[in-house]
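Tertiary structure, described
If you want the building blocks of each chain, they are given just below.
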Amino acid sequence: MTTLRAFTCDDLFRFNNINLDPLTETYGIPFYLQYLAHWPEYFIVAEAPGGELMGYSEFAALMLCIFTVMGKAEGSVAREEWHGHVTALSVAPEFRRLGLAAKLMELLEEISEKKGGFFVDLFVRVSNQVAVNMYKQLGYSVYRTVLEYYSASSGEPDEDAYDMRKALSRDMEKKSIIPLPHPVRPEDIE
């Protein structure tokens, strides 16, 4: 049985099988510790019965040997931009297609609802069509394209990202997900 629990510092040394996926953005230990200190409610892990991490989500953070998610809350309430942001969502290859990513996203959305967010957003590589399609199935839509958002390696060109969003109940008119008609540059993102 999969267990969802709060992320701990010890988990930093247990999630390489998830974090080393080529489509997962990786960060230094200080970055993860900052999220854990500022947004602990968003840092959750999924753990397999044998204790291995299945994944994580950095939506102010969710992690596991099987999957993880990490995220945060940010934006302006006055401008109706207060929202949850999914920093990372990753599931270990051997635990994919079990609904873990959807469960982690659901948890992050619930946290953002409780915090009074207007929407949840995330960035995903345009080329990662598996993830784009999964997010669409979860109710996310492309809000805008961010040109050259992801740095490339080995001399290849930088890659564009989709900024995908899902409106929460506070955004009754769904203003937060009206697509922008033109792409933006990373420096234009607030």
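Heads up: the structure comes first, above all this text.
These remarks concern the structure in this document. (Residues numbered from 1 in each chain as written. Predicted model: local features only at pLDDT ≥ 70, side-chain atom pairs only at ≥ 80, totals over all residues. Heavy atoms only, no water.)

Of the regular secondary structure elements, the chain holds 4 helices and 8 strands. Its helices and strands in sequence order give the chain the pattern β-α-α-β-β-β-β-α-β-α-β-β, from N to C terminus. Out of the 190 residues in the chain, the part that is buried amounts to 47%. Restricting the contact set of the chain to residue pairs at least 6 apart, pairs at least 24 apart contribute 60%. (Helix = DSSP H or I, 4+ residues; strand = E, 2+ residues; numbered from the N terminus. Buried < 20%, exposed > 50% of the residue type's maximum accessible area, 1.4 Å probe, protein only. Contact = heavy atoms within 4.5 Å.)

Once that is clear, we can look at the packing of aromatic side chains. What the rule picks out here adds up to 3 aromatic pairs. Measuring from centroid to centroid gives 6.0 Å for Y135 and Y140, while their planes differ by 65 degrees, and the two rings are edge-to-face. The same class applies to Y135 as to Y140, namely buried. For the ring pair Y149 and Y150, a centre distance of 4.9 Å and an interplane angle of 85 degrees mean the geometry is edge-to-face. The rings of F123, Y149 and Y150 are connected pair by pair, giving a single aromatic cluster. A cation over a ring is seen here: R125 above Y150, with NZ or CZ 4.3 Å from the ring centre. (Phe/Tyr/Trp six-rings, centres within 6.5 Å; stacked < 30°, edge-to-face > 60°. Lys NZ or Arg CZ within 6 Å of the ring centre and 35° of its normal.)

Residue pairs spaced three or four apart in an α-helix point in one direction, given the helix's 3.6 residues per turn. Between its terminal C-alpha atoms helix α3 (residues 100-114) stretches 21 Å, which fits the 21 Å expected from 15 residues at 1.5 Å a residue. Among the residues of α3, those classed as buried are L100, A101, L104, M105, L107, L108, E109, I111 and S112. Once α3 finishes, G116 follows within two positions and takes phi at roughly 80 degrees, a positive value. (Expected span 1.5 Å × (residues − 1).)

Turning our attention to the environment of K166. For K166, the position within the fold is in strand β8 (residues 159-167). Measuring from C-alpha to C-alpha, the distance between K166 and Y135 comes to 9.2 Å, with 31 residues separating the pair along the chain. A polar atom in the side chain of K166 sits 3.1 Å from the side chain of E109. Separated by 2.8 Å, the side chain of K166 and the backbone oxygen of L138 make a polar contact. (Polar contact = N/O pair within 3.5 Å; in protein donor to acceptor, adjacent residues only side chain to side chain.)

Turning to unusual backbone geometry, a few remarks are in order. A negative phi angle is the norm for most residues apart from glycine, just as the trans form is the norm for most peptide bonds. One non-glycine residue with positive phi stands out, namely R97, at about 65 degrees. In this model, E148 sits at a positive phi of 50 degrees, which is unusual for a non-glycine residue. Along the chain, E148 falls in strand β7 (residues 141-150).

Moving on to the pattern of salt bridges. Summed over all chains, the structure comprises 7 salt bridges. Between K103 and E106 there is a salt bridge; the shortest N-O distance is 3.6 Å. Of the two residues, K103 and E106 both sit in helix α3, 3 residues apart, roughly one turn of that helix. By relative accessible area, K103 is classed as partly exposed at 36%. Looking at E106, the relative accessible area reads 36%, which means it is partly exposed. Of the charged contacts, one joins E109 and K166 as a salt bridge, the two residues approaching to 3.1 Å between their closest N and O atoms. (Salt bridge = Lys/Arg side-chain N within 4 Å of Asp/Glu carboxyl O.)

These results come straight from atomic positions and should not be treated as a statement about function.
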